[in-house]
Amino acid sequence: MTTLLEIKSSVLRQVQACPTFRRRAEGEPAATSADPPEPAAGAWKPGDGVEFFAHMRLILKKGEGRQGLPCPEVLLRSGSPAPAEPVDPSRGLRALTQEEVEMLYEEALYTVLYRAGTMGPDQVDDQETLLGYLQQVFGTSPEEHAEAIERVKKAKAPTYALKVSVMRAKNLLAKDPNGFSDPYCMLGILPASGAPREPGPRTEQRFSFRKGSKRGGPLPAKCIQVTEVKSSTLNPVWKENFVFEIEDVSTDQLHLDIWDHDDDVSLVEACRKLNEVIGLKGMSRYFKQIVKSARANGTAGPAEDHTDDFLGCLNIPVREVPVAGEDRWFKLEPRSSASRVQGDCQLVLKLITTQRDTGMSQRGRAGFLSYMLLLSRLLQFEHRSEEPKASCWRGELSGPAATILCLHGAQNNLSALQLAVLHWQVSSRHHQTRTLDYGYLLGLLEDMQAHWEEASSLPQGQFGLRLLRQLRDFFPATNSTAVYRLELLLKCLSKMQIFQPSFEVCSFRTELNADISAALKRGNREWYDRLLNTKSPREQSGPQRLAGLVELADAVYEDLQSCYGIYASLFHSITDIDFFTLTFRQLERLVAEEAWVLTEELSPKMTLEVASGLFELYVTLADIQRFWSSIPGRDSRSLALAGIHGPFLPAVKLWLQVLRDQVRWRLQGAVDVDTLEPMDASSKHSSSAASASLCFSHIQELWARLAWPDPAQAEALGTQLSQDLCAATLFYTELLRKKVDAQPGAAGEAVSEPLCVVLNNVELLRKAAGQTLRGLAWPEVTSGPEGVLPRPLLGCAQALDEDLQQEVHTVTAHLTSKMVADIRKYVQHISLSPDSIQNDEAVAPLMKYLDEKLALLNTSLVKENLSRYSLGRLGRGGAWGPFTGTGTGTECPCRVLEALWELLLQAILRALGANLDVSADFYGRFHFTLEALVSFFHAEGQGLPLESLKDGSYKRLEEELRLHQCSTRECIEQYYLDKLKQVARPRVRTRSVGTRPRPRTPAPRSLAQALPQRSLEQKRFGRLSVRCHYEAAEQRLVVEVLHAADLPPLDANGLSDPFVIVELGPPHLFPLVRSQRTQVKNRTLHPVYDELFYFSVPAEACRRRGACVLFTVMDHDWLSTNDFAGEAALGLGSVGGIARPQVGGSARARQPVTLHLRRPRAQVKSALRMLEGRTNKEAQEFVKRLKELEKCMEADP
């Protein structure tokens, strides 16, 4: 073990020395951190990867049944008969000699021929049937059978006796003033002549008297038996037993009286004087006269005051007593019609024999032994007749067999406990010779427990322990029949433990739980050793043993599933043994020892084949650890398998490299055979996408099964695997693009089906790769927020998403580019349509074309979750009617719609640029076209959202259309309004000098992709602080330029020579106002001016639309044109004194305004382009002045 620990430490040191994996560079998506090594000889060779992934699927298939804890319903797959248990004929009762067989045969015949009592409904009443059955059981010939019957008939008849147990009475009449009675019973046998008969003297408590030859002669004593008196009760309980000999079973009757005792005379003493009682009429009067005579000192005198009161009587013919005896409540009867009685009396009656003229009786063989031998004989005969289902036989005896056993047990006066013990003793012995159903044996034990008072011995329980040692052989977990038999066996062993303290010879050496646990441990070791010798013999070499050890580990896992799902609950509920923990600890330790030894041997011989085997072995070992951890309250750190992942790390790394190469080969092979056609009508992707998605799914499942426990090592493995996955994804998209480029396109085809399939494939793979990357998460060393991917994995996912978006954009542009010529043609049709044609008629061909192409795209492209927009067909009246957005409900992916929308806008802009200085109707028609397209693509909320439609190029197009319809001055005003819109909201400086600014709240992480672009743009060209107000008295505008900061460096020395030009606009509002400028501040990016400028302008002009102060910051150059640094505009409508009158205080006391300098944007230039197309003087002069400013901007960085 020391050597193993040294190897484990060396492996850990190697892992710690490995460099960390870095995410691939953004510009090289297919690059990995290291080039894959060439596969060694004899390992997985290049190909299409099918064989490798087939083997991988086998590994994953083993894990399908290892998700979560096993359910009994899943494990119990078979209801076939259970495996046969071992039997040993020598373990039954000893074989009888011929003489003993003959005596037992005679005993059985004697029992049938001299039966007495009433047969029950389930018993056989025909004597010939019973005798014939005995002939079959003992296998005698008819002659031998007849001779045996004759011998038994010549034997002396048995002596019969009636066992009477007076148990209790209820609801008796109250005879005493206190509302109760003091009841007692007198009972005896009434012969057919009506007088009591004397049985021979039996015991001291029995009383009899001799029957007189004359009516008036003295009567013998001791013929009547009396119970104790129970004082003051109407529900007495006696539980007293009596035995009466019977002369004539067919005519004798049992008579019982219940009396209320009224004096203190002892009933026993009264019964001793019965020899003086004479002259009785009838049994009831006779019993009463006995009492009277006893109280009169033997003289039958007149009635006295202390006479006992009659409570009821019973008369039961002996012949009506059932053969098996009976326990019954009898209703009390009156002695005459004038008597008033009530209540019931419970008696237990049984007809037995006291003397039997048989060979076994004469040799002193008790009825206990003869019954056991007879039961064994009948069991053997009955079980043999049930041969087809012998192992399921529950001891159901036939009618004749049950009747004979009942007769024999009753005649030999065997108690219920004695019968239960005999049946268990014989059946448990018989079970070891021929298997019985455990439910039958359990029933015998429960019956014996119910009658348990005392017992002498029970058969040994070691046979059951031997079966538990071979638990998996005789009680397989997949067989519901065998599992039920195991349950019954455990219950039998548990019942036997109850009787153990009373036995002289104990069934178990120690406590039952200890014996069962020892048997299970020994059985576990024997099963494991047998499996090890079969699958992975130690005499083989390491590589040869590896495959067998994988099978062994799989078998151990399946066995542990069976232990948890099936066996554990049985053992815990019946024997209180934690069978699963016992077995798991033992088998897990054995497998761990074998794995440590094998990895030590194979580490120096690492090849790809060995790595593949070790990888598969580790996956199963990890499943075993995970199985233990999934059980509540179990900690895997205490297992022998804890830490075993270290020696497997080199093999896992090598196997993942093989996986990387095989994935590429598999994708290459899938694309090679792909026809770029949908697989079927229900799917819109091709076969290669399905194969790639399946590969990624296998990788995710495999990583989950791997579950590498060391966080640092797991991060290295997961990072490398995620990078390989991203590279494989992009490799697949490149293969698709090359394949579709190599295919010849159909002439005149506006929508390419292969391109649609490629888009669908990329979308499917994007989802599959994203899901797989999320599934590759590993436990981080420092626990982060729950549900957040580790940083390296998140970086891979983001980079892959960007690359795939770019790929989709490229394919989408390629797809829509095939529609450019057609769209331009239809847009030109609109521009060339004469004014006499209605707008909807001019637009209709374009709309029809779009509707048809989008319908075709809808059938060819997949529907993304939550990213689909519905487009309705145009409603048709006589001609193309209004755009209602209703119809067939065509759907199309948003990316294609957005690309097509942009394509349309650019085509219209191109048409507008080619047609300058045309009529207003021309622009009105295109304005109608734009609104129609918006309605078409929005489709009443089912299509692209309005904020997406009316953004970007739409705003530019709409602005140009609007400006084309404006006058020159309106265009100039719009130019200044656009400048005011692009300037950020002025920031008023309110803090005092020396006060630190409040820190800004950082942007949330989700918005980090476009880092405060507005903030960056604001800081790019610097800022300018000014102060403005209007002096109404002098009718002048006062502008104070304070200072600038963070100006861009425009000179070679890294500085600038800035100055500020201040002017009012638009020019037509302030025609007499000239621009003014500040002084030049040399070599600074933070100039301070503090200069005042006065503009004499009326307040009304300052309130006009677009009126503003324009600040232009320039860099002064001596030898060349001044450079443009930035500009800012301040609307005059917000200046103090114009928006609201100046209220007291100095103008300089007003707070300064900070303006961020900017460069003109596209929407500002659009107004300028609109003015360029106009030929009037005002427009041309305005454009000329602005172009001079633009020349200064062209050389700026």
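As annotated in an unreviewed UniProt entry, the chain carries the name BAI1-associated protein 3 isoform X2 and is attributed to Panthera pardus. What the UniProt record of the chain gives under Sequence similarities (unreviewed entry) is the line "Belongs to the unc-13 family."

Caption draft 1: Structural context of the overall build of the chain. Counting its regular elements, the chain contains 36 helices and 19 strands. Each of the 1197 residues in the chain was classed as buried or not, and the buried ones make up 51%. When contacts within the chain are restricted to residue pairs at least 6 apart in sequence, those whose partners lie at least 24 apart make up 77%. Counting only carbon and sulfur atoms, one obtains 50% of the accessible surface of the chain, whose full area is about 57,600 Å².

Caption draft 2: Just the packing of aromatic side chains, in detail. Enumeration according to the criterion identifies 21 aromatic pairs in this entry. When the ring of tyrosine 557 is compared with that of phenylalanine 627, the centres are 5.6 Å apart and the planes differ by 45°; the resulting orientation is tilted. Pair noted here: tyrosine 557 is in helix α18 (residues 542-575) and phenylalanine 627 is in helix α20 (residues 608-629), with a separation of 70 residues, a long-range link. Judged by relative accessible area, which is 2%, tyrosine 557 ranks as buried. Where phenylalanine 580 meets phenylalanine 584, the ring centres are 5.6 Å apart and the plane angle is 45°; that geometry is what we call tilted. Pair noted here: phenylalanine 580 and phenylalanine 584 are both in helix α19 (residues 579-602), with a separation of four residues, about one helical turn. Residue phenylalanine 580 is classed as buried on the basis of its relative accessible area of 2%. Through pairs of rings, three or more aromatic residues link up here, namely Tyr557, Tyr564, Phe580, Phe584, Phe627 and Trp628. The residue whose ring lies beneath arginine 472 is tryptophan 527, and the NZ or CZ to ring-centre distance is 4.6 Å. Above the face of the phenylalanine 1059 ring, arginine 1077 is positioned so that its terminal group lies 4.0 Å from the ring centre.

Caption draft 3: Examining the nonpolar core more closely. If you look at the biggest cluster of nonpolar residues, it comprises 243 residues, and the most contacted ones within it are Val166, Leu468, Phe571, Leu621, Leu659 and Phe937. The element that contributes the greatest number of residues to this core is α18, accounting for 16 residues. Ignoring anything within four residues of it in the chain, the contact list for valine 166 reads Cys185, Leu187, Thr227, Trp238, Lys239, Glu240, Phe242, Leu256, Cys345, Gln346 and Leu347. Leu1050, Leu1064, Phe1095 and Ala1101 belong to the second-largest nonpolar core, a separate cluster that totals 37 residues.

Caption draft 4: Layout of the sheet that holds strand β14 (residues 1058-1065). Pairing is antiparallel across the open sheet formed by four strands, whose spatial order is β15-β14-β17-β18. If you trace the sheet from one side to the other, it starts and ends with β15 (1076-1077) and β18 (1123-1131), each paired once. Summarising the sheet, β14 and strand β17 (residues 1108-1115) pair through eight bridges and their orientation is antiparallel. Counted as the bridge partner of glycine 1065 is cysteine 1108 from β17.

Caption draft 5: Expanded view of unusual backbone geometry. Cis rather than trans, the peptide bond between glycine 1065 and proline 1066 has omega equal to 0°. Its place among the elements puts proline 1066 in the loop between β14 and β15. Backbone geometry places aspartate 576, a non-glycine residue, at a positive phi of 60°. As for its position among the elements, aspartate 576 is in the loop between α18 and α19. Phi angles above zero are rare outside glycine, and alanine 707 is one such case at about 45°.

Caption draft 6: Representation of the packing of α19 against α20 within the structure. At a minimum axis distance of 12 Å, the contact between α19 and α20 shows a crossing angle of 155°. Taken together, the axes of α19 and α20 are roughly antiparallel relative to one another. Between α19 and α20 lies a crossing whose hand is left-handed. Seen from α19, the contacting residues are Phe580, Thr581, Phe584, Arg585, Val591, Ala595, Thr599 and Leu602; seen from α20, they are Val610, Leu614, Leu621, Ile624, Phe627 and Trp628. Considering only residue class, the contact of α19 with α20 consists of 11 nonpolar, two polar and one charged.

Caption draft 7: Region of interest: the layout of surface pockets. The volume enclosed by the largest pocket comes to roughly 800 Å³. Along the walls of the largest pocket sit 30 residues, with Lys350, Leu414, Ser415, Ala416 and Leu419 positioned nearest its centre. In terms of residue count, helix α11 (residues 399-411) provides more of the lining of the largest pocket than any other element does, six residues in total. Of the residues contributing to the lining of the largest pocket, the split by class is 14 nonpolar, 10 polar and six charged.

Caption draft 8: Focus on the pattern of salt bridges. The tally for this structure, following the rule as stated, stands at 25 salt bridges. The shortest N-O distance in the salt bridge between glutamate 594 and arginine 545 comes to 2.3 Å. One end of the pair, glutamate 594, is in helix α19; the other, arginine 545, is in helix α18, with 49 residues separating them in the sequence. Each member of the pair, glutamate 594 as well as arginine 545, carries the same accessibility label: buried. Within this structure, Arg469, Arg522 and Glu526 form a network of salt bridges that share partners.

Caption draft 9: Structural detail: helix α5 (residues 127-138). Helix length check: α5, at 12 residues, gives a terminal C-alpha distance of 17 Å against a target of 16 Å (1.5 Å per residue), a fit within 8%. Among the residues of α5, those classed as buried are Leu130, Leu131, Tyr133, Leu134, Gln135, Val137 and Phe138. Those residues of α5 that are buried are in contact with α4 (98-113), α6 (142-154), α10 (367-384) and α11. Looking one or two residues beyond α5, the residue adopting positive phi is glycine 139, at roughly 65°.

Caption draft 10: Seen up close, the pairing of β14. Counting buried positions along β14 gives seven out of eight residues, so the element sits mostly inside the fold. Pairing of β14 with β15 involves two bridges; the strand directions are antiparallel. What sits directly across from isoleucine 1061, in β15, is arginine 1077.

Caption draft 11: Spatial organisation of the sheet that holds strand β5 (residues 253-260). Here we have four strands laid out as an open sheet, ordered β3-β2-β5-β6, and antiparallel in their pairing. What marks the edges here is a single partner per strand, and that holds for β3 (225-226) and β6 (309-317). With two bridges joining them, strand β2 (residues 183-190) and β3 adopt antiparallel strand pairing. Residue pairing across strands places methionine 186 opposite valine 226, the latter belonging to β3.

Caption draft 12: Structural context of a negative patch on the surface. A surface patch of like charges, here negative, comprises Glu102, Glu143, Glu144 and Glu147. Per element, the largest residue contribution to the negative patch is three residues, and it comes from α6. You can see glutamate 147 is positioned in helix α6.

Caption draft 13: Looking closely at the environment of valine 762. Take valine 762: it is sitting in helix α24 (residues 753-775). Residues valine 762 and threonine 729, spaced 33 residues apart in sequence, show a C-alpha to C-alpha distance of 8.9 Å. When near neighbours in sequence (up to four residues on either side) are disregarded, valine 762 contacts Thr733, Leu804 and Val808.

Caption draft 14: Geometry of the packing of helix α26 (residues 820-832) against helix α27 (residues 839-860). Interhelical geometry of α26 versus α27 gives an angle of 165° and a closest axis separation of 8 Å. It follows from the interaxial angle that α26 and α27 lie roughly antiparallel. Where α26 crosses over α27, the handedness of that crossing is left-handed. Here Asp822, Ile823, Tyr826, His829 and Ile830 of α26 lie close against α27, whose contacting residues are Ala842, Val843, Pro845, Leu846 and Tyr849. Its residues placed into classes, the contact of α26 with α27 shows eight nonpolar, one polar and one charged.

Caption draft 15: Spotlight on the side chain of glutamine 411. With respect to the helices and strands, glutamine 411 occurs in helix α11. Not counting chain neighbours up to four residues away, the residues in contact with glutamine 411 comprise Thr111, Tyr114, Arg115, Ile352, Thr353 and Arg356.

Caption draft 16: Spatial organisation of the confidence of the model for the chain. Per-residue pLDDT for the chain averages 75, and the proportion of residues at 70 or more is 73%. Below a pLDDT of 50 lies the segment residues 197-222, which in the model reaches 62 contacts outside its immediate sequence neighbourhood of four places, other chains included. Contacts from residues 984-1014, a stretch scored under 50 in pLDDT, to residues over four places away or in other chains number 22 contacts.

Caption draft 17: Layout of helix α22 (residues 687-706). Helix length check: α22 (20 residues) gives 29 Å between terminal C-alpha atoms against 28 Å at 1.5 Å per residue, within 8%. Within two residues after α22, alanine 707 carries a phi angle of roughly 45°, on the positive side.

Cut-off values and rules
Residues numbered from 1 in each chain as written. Predicted model: local features only at pLDDT ≥ 70, side-chain atom pairs only at ≥ 80, totals over all residues. Heavy atoms only, no water. UniProt positions renumbered as here; feature names shortened; annotations may be inferred. Helix = DSSP H or I, 4+ residues; strand = E, 2+ residues; numbered from the N terminus. Buried < 20%, exposed > 50% of the residue type's maximum accessible area, 1.4 Å probe, protein only. Contact = heavy atoms within 4.5 Å. Areas by Shrake-Rupley, 256 points an atom, 1.4 Å probe, with all protein chains shown as cover. Phe/Tyr/Trp six-rings, centres within 6.5 Å; stacked < 30°, edge-to-face > 60°. Lys NZ or Arg CZ within 6 Å of the ring centre and 35° of its normal. Core = buried A, V, L, I, M, F, W, Y, C linked by side-chain atoms within 4.5 Å. Pairing = 2+ DSSP bridges. Axes fitted to C-alpha atoms, helices over the stretch in contact; angles between N-to-C directions. Parallel < 35°, antiparallel > 145°, perpendicular 65-115°, else oblique. Left-handed = near helix turned anticlockwise from the far one by under 90°. Nonpolar A, V, L, I, M, F, W, Y, C, P; charged D, E, K, R; others polar. 1 Å grid on protein atoms, 1.4 Å probe; cavity = no way out; pocket = protein on both sides within 12 Å on 5 of 7 lines; lining within 4 Å. Points joined across faces, edges and corners; volume = space filled by probe spheres on them. Salt bridge = Lys/Arg side-chain N within 4 Å of Asp/Glu carboxyl O. Expected span 1.5 Å × (residues − 1). Patch = residues over 30% accessible without salt bridge, like charges linked within 9 Å, V, L, I, M, F, W, Y side chains within 5 Å. Lys, Arg positive; Asp, Glu negative; His and termini not counted. Charge placed at Lys NZ, Arg CZ, Asp CG, Glu CD. pLDDT = per-residue confidence, 0-100.

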